[in-house]
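Here is what each chain is made of, one letter per residue.
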Protein chains: 2
Amino acid sequence: MAIKKAVIAFGGNAILQEGDRGTVREQLRHCSETCEALLDIIGKGYELVIIHGNGPQVGNMLLRVEGARGRAPELPLDVCVAATQGTMGFMLEIEMRNRLKARGLVKDVTTLMTQVVVDPDRERFEHPTKPVGPFYDKERAEELRQEKSWDIVEDSHRGFRRVVPSPRPIEILGVETVRSLINQGHIVIAAGGGGVPVLRRNGEHLTGAEAVIDKDYTAALMAREVGAELFIILTRVESVAVGFGTAQEKPLRRITAAEARDYLAQGEFPPGSMAPKISAALEFVEATGHEVLITAAETLRPAMDGLTGTRIVKGD
Amino acid sequence: MAIKKAVIAFGGNAILQEGDRGTVREQLRHCSETCEALLDIIGKGYELVIIHGNGPQVGNMLLRVEGARGRAPELPLDVCVAATQGTMGFMLEIEMRNRLKARGLVKDVTTLMTQVVVDPDRERFEHPTKPVGPFYDKERAEELRQEKSWDIVEDSHRGFRRVVPSPRPIEILGVETVRSLINQGHIVIAAGGGGVPVLRRNGEHLTGAEAVIDKDYTAALMAREVGAELFIILTRVESVAVGFGTAQEKPLRRITAAEARDYLAQGEFPPGSMAPKISAALEFVEATGHEVLITAAETLRPAMDGLTGTRIVKGD
């Protein structure tokens, strides 16, 4: 029997949720709930690659680095992303092992540290837009601009915040290993936080980049590279909708790539949240002809059965 | 041709050295130097598993957690160890990739997040002995004892310090994956910091343990489990010596396991440094009949050629 493969992406906010204190105990509970939901994908016969985001977690890591400034060496953003691959990979892996055991399933779980080579696109590096880390007051923001050459922008009402580039992923280092492991039946956790961003200098030498990669784009690339039949994006909503937040709001159950591209062009999807997910989904659908499923963790099971969620398909 | 396998262990202080400021730039330089030395093992035809320690790095992570107390959630020690698997794994992997490329060698490099199940040995958990993290004054030490139920001991002249258990590793989760990857020719970085310590509650459920595992024992277990022909321990000295620090100091070039055990019983090796390395080495030699090489990173090449270093062998 041919192996069916799925790649799933979810945000760091699935593990450290709004309103949480963010303790490790809470995060472990959310890891357990998330892994329980993911087992429904395996129940449908798919081998699985898991790509988690790390927004709140890398924010906390930056706070810790700042809190120990002068007492412990500072860590650049790429190394902070690597730290969250460690912490979140650990929490997800033990909870996945525990959920498998509880269901009587025997599967290996492997967590890979993953570097992702990014597009050195000058525009994105020279005009960073992605806010990370704590808010500062005006004076401190000015100091940090001077001291560290950070780009810092004013965030409406909340203060000043560092912005970093969010370049596109172009190559996942070790992707053949991911492919080989899922072909052997492992559940693979990889490219956490979208992967640690690295640049290839002179086409050769690798160096870390102070940037963050949108995990949905990395996941779309992963899904293509491992030959996934299904790419799943978990988000806060059960389905993608048009007319979102209006009286005409209408959930989309099944749309073609062409329809999704039209809605995207019409500005139906908010730029900071659903739009990049749709763009990442389209990259996968258009390159492979396979489907993307977008839904919430809570509705993953009925969505896998086609009862809810949004499927983006190549054609009719 | 049968594959020859080697497991190598070195301390976190090979990467963040005494007298360093400990910046990421410095650590990357030491990663590069260390990886360059390790390529000599590969040059001798061995497939390689790398296990790094994390002493100074996890100490810095604890300082960061403490520095952000009240602003970012605290991380227990197991999660801090996981963070260093991320940060150090990333730095070692990119520098290994860069060194390989510079030498024109084509090999995959894979870094695995690794949990290690520890012996729940009551004595070690009830009477922790391994100091970790920052020094405190008496007042703060008392607060932390109350607040967190930490075990804190007075360290001569330097203040008060938390002590944690250092249990023995009994099972490396995912060791079959390490075995399979090195058989495919990957350089594998695994079980960083000795592995994230986990306990199996009721023989089943995995939970993190606030402990640290001696990386030499984890490496000895790894070397047995992957069927290594050679187990290498890098340390600060070129060779193991008897009469260390005396006028009668004599380097040992090649000793049998029985001789090593005698020297150990006679107290020839300092308890906090060389003694556990010799114990870990003996576990491997006695279980497998294969050799252990102990030397410094700087002398690894001549030691591989038998010109220096200490070899511990099964018999004459």
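Not measured: the values here are computed from a predicted model.

Draft legend 1. Main features of the overall build of chain A. When its secondary structure is counted, chain A shows 10 helices and 17 strands. On C-alpha atoms alone, chain A measures out to a radius of gyration of 19 Å, which is about the 20 Å that the 2.2 N^0.38 rule sets for 316 residues. When the backbone C-alpha atoms are referred to their principal axes, chain A occupies close to 60 × 45 × 45 Å. Burial analysis of chain A (316 residues in total) assigns 57% to the buried set. Contacts spanning at least 24 positions in sequence make up 74% of the contacts within chain A whose residues lie at least 6 apart. Accessible area for chain A stands at about 13,100 Å²; split by element, carbon and sulfur atoms hold 47% of it.

Draft legend 2. Local environment of the packing of helix α7 (residues 215-225) of chain B against helix α9 (residues 274-288) of chain B. Residues and elements named next belong to chain B. Between α7 and α9, the least distance of the axes is 8 Å, while the angle of their chain directions is 10 degrees. Viewed along their axes, α7 and α9 adopt a mutual orientation that is roughly parallel. For the pair α7 and α9, contact is made by Lys215, Asp216, Tyr217, Ala220, Ala223 and Arg224 and by Pro276, Lys277, Ser279, Ala280, Glu283, Phe284, Ala287 and Thr288, respectively. Here the contact of α7 with α9 is composed, by residue class, of seven nonpolar, two polar and five charged.

Draft legend 3. Broad picture of the relation of the copies chain B and chain A. Screw-axis analysis of chain B against chain A gives a translation of 0.0 Å along the axis, an RMSD of 0.0 Å, and a rotation angle of 180 degrees. As the rotation angle and translation indicate, the two copies are arranged about a two-fold axis. In this assembly, 100% of the residues forming the interface of chain B have copies in chain A that are likewise at the interface, indicating an isologous arrangement.

Draft legend 4. Representation of the side chain of A:His52 in the model. With respect to the helices and strands, A:His52 occurs in strand β2 (residues 46-52). Contacts of A:His52, omitting those with residues within four sequence positions, involve A:Phe10, A:Thr84, A:Met88, A:Gly89, A:Leu92, A:Ile189, A:Ala191, A:Gly192, A:Gly193, A:Gly194 and A:Lys215.

Draft legend 5. View of the sheet that holds strand β7 (residues 159-164) of chain B. Residues and elements named next belong to chain B. Reading across the sheet, the three strands line up as β5-β7-β6 and stay open at both edges, with antiparallel pairing between neighbours. Whereas interior strands pair on both sides, the edge strands pair on one side only; in this sheet they are β5 (130-136) and β6 (151-155). Each adjacent strand pair in this sheet contributes to an overall mean axis angle of 40 degrees, direction not counted. Pairing of β6 with β7, which is carried by five bridges, proceeds in the antiparallel orientation. Pairing of Asp151 across the sheet is with Val163, part of β7.

Draft legend 6. The arrangement of helix α2 (residues 55-67) of chain B in detail. When the terminal C-alpha atoms of α2(B) are compared, their 18 Å separation across 13 residues agrees well with the 18 Å that a helix rising 1.5 Å per residue should span. Those residues of α2(B) not exposed but buried are B:Gln57, B:Val58, B:Gly59, B:Asn60, B:Met61, B:Leu62, B:Leu63, B:Arg64, B:Val65 and B:Glu66. On its buried face, α2(B) is in contact with α2 (55-67) of chain A together with α1 (24-43), α3 (77-103) and β5 of chain B.

Draft legend 7. Here's a closer look at the nonpolar core. A:Leu38, A:Ile41, A:Leu300, B:Leu38, B:Ile41 and B:Leu300 are the most contacted members of the largest nonpolar core, which has 104 residues in total. Setting aside chain neighbours within four positions, we find A:Leu300 in contact with A:Ile8, A:Ala37, A:Leu38, A:Ile41, A:Ile232, A:Leu234, A:Leu293 and A:Thr295.

Draft legend 8. Inspection of the environment of B:Thr177 at higher detail. Here B:Thr177 is to be found in helix α6 (residues 175-183). With relative accessibility at 4%, the residue B:Thr177 sits in the buried group. Along the chain, B:Thr177 and B:Val188 lie 11 residues apart, while their C-alpha atoms are 9.8 Å from each other. When residues no more than four places from it in sequence are discounted, the contact partners of B:Thr177 are A:Thr110, A:Leu181, A:His186 and B:Leu112.

Draft legend 9. Structural view of the state of the cysteines. What the rule picks out here adds up to zero disulfides over all chains. Not part of a disulfide, A:Cys80 finds its nearest cysteine sulfur in B:Cys80, a span of 13 Å. Given the relative accessible area of 0%, A:Cys80 is considered buried. A disulfide-free cysteine, B:Cys35 has its sulfur positioned 6.2 Å from the sulfur of B:Cys31, the nearest such atom.

Draft legend 10. The interface of chain B and chain A, seen in detail. Contacts between the two partners involve 51 residues from chain B, matched on the other side by 52 residues from chain A. When the two sides are added together, the surface that chain B and chain A hide from each other amounts to roughly 4,200 Å², 64% of it contributed by carbon and sulfur. Looking at the side of chain B facing chain A, the largest losses of area belong to B:Arg64, B:Phe90 and B:Met113, adding up to 17% of the total buried there. Counting across the interface, chain B meets chain A through two salt bridges. For the side of chain B that touches chain A, the secondary-structure elements that each account for two or more residues are α2, α3, β3 (109-111), α6, β10 (196-201) and β11 (205-208) of chain B. The dominant element in the side of chain B that touches chain A, judged by the number of residues it contributes, is α3(B), at 13 residues. In terms of residue class, the side of chain B that touches chain A is built from 21 nonpolar, 19 polar and 11 charged.

Draft legend 11. Up close: the pairing of strand β12 (residues 230-235) of chain A. Residue and element names in this part refer to chain A. Among the six residues of β12, five are classified as buried, and the element is accordingly described as predominantly covered. Pairing of β12 with strand β16 (residues 291-296) involves six bridges; the strand directions are parallel. Bridging from a neighbouring strand, Leu234 pairs with Thr295 of β16.

Draft legend 12. Highlighting the environment of B:Asn60. With respect to the helices and strands, B:Asn60 occurs in helix α2. Residues B:Asn60 and B:Leu293 lie 233 residues apart in sequence; the distance between their C-alpha atoms is 30 Å. Ignoring any residue separated from it by four or fewer positions in sequence, one finds B:Asn60 in contact with A:Arg71, A:Ala72, A:Pro73 and B:Leu16.

Draft legend 13. Expanded view of the sheet that holds strand β8 (residues 169-172) of chain B. Residue and element names in this part refer to chain B. A sheet is described by the order of its strands in space; here four strands give the open sequence β8-β4-β10-β11, paired in mixed fashion. Each edge of the sheet is formed by a strand with only one pairing partner; in this case those strands are β8 and β11. Along the sheet, successive strands turn relative to each other by an average axial angle of 40 degrees, direction set aside. Across four bridges, β10 lies against β11 in antiparallel orientation. Across the sheet, the residue bridging to Arg201 is His205, located in β11. Sitting on the sheet, α3 is in contact with β10 and β11, with an inclination near 135 degrees to β10.

Definitions and cut-offs
- Positions within a chain are numbered from 1, following the residues in the order the chain's sequence is written.
- Think of it this way: whatever chain is written first is A, whatever ligand is written first is 1, and the rest follow in order.
- Only residues with pLDDT of at least 70 get local features here, since the model is predicted, and only at 80 or more are side-chain atom pairs given and counted; chain-wide, interface and lining totals rely on the full set of residues.
- Excluding hydrogens and water, the side-chain values take into account all heavy atoms of the structure.
- Helix numbering and strand numbering both begin at the N terminus, where a helix is a DSSP run of H or I of at least 4 residues and a strand a DSSP run of E of at least 2.
- Just to be clear, the radius of gyration here is over C-alpha atoms, and the globule rule we use is 2.2 Å times residues to the power 0.38.
- To sort residues, take the accessible area from a 1.4 Å probe on protein chains only and compare it with the maximum for the residue type: under 20% means buried, over 50% means exposed, and anything in between is partly exposed.
- Here a residue-residue contact requires only that any non-hydrogen atoms of the pair lie within 4.5 Å.
- Surface exposure here means Shrake-Rupley accessible area, sampled with a 1.4 Å probe, where a residue is shielded only by the protein chains that are shown.
- To obtain each axis, a line is fitted to C-alpha atoms, and for helices this fit is confined to the stretch in contact; angles are then taken between N-to-C directions over 0 to 180 degrees.
- Angle categories are assigned with fixed cut-offs, so that under 35 degrees is roughly parallel, over 145 is roughly antiparallel, 65 to 115 is roughly perpendicular, and the rest are oblique.
- Three classes are used, and their members are as follows: Ala, Val, Leu, Ile, Met, Phe, Trp, Tyr, Cys and Pro are nonpolar, Asp, Glu, Lys and Arg are charged, and the others, Gly among them, are polar.
- Each copy is superposed on the other by least squares, with the fit set by C-alpha atoms of residues at a pLDDT of at least 70 in both.
- For two strands to count as paired, DSSP must find a minimum of two bridges between them.
- Given the number of residues in a helix, its expected span is that number minus one, multiplied by 1.5 Å.
- To define a nonpolar core, start from buried Ala, Val, Leu, Ile, Met, Phe, Trp, Tyr and Cys residues and group those joined through side-chain atoms within 4.5 Å.
- The rule for a disulfide is simple: a pair of cysteine sulfur atoms within 2.5 Å.
- By convention, the term buried area covers the 1.4 Å-probe accessible surface removed from two parts as they join, with the contributions of both added.
- Salt bridge, as used here, is a side-chain nitrogen of Lys or Arg placed within 4 Å of a carboxyl oxygen of Asp or Glu.

All quantities given are derived from atomic positions and should not be read as evidence of function.
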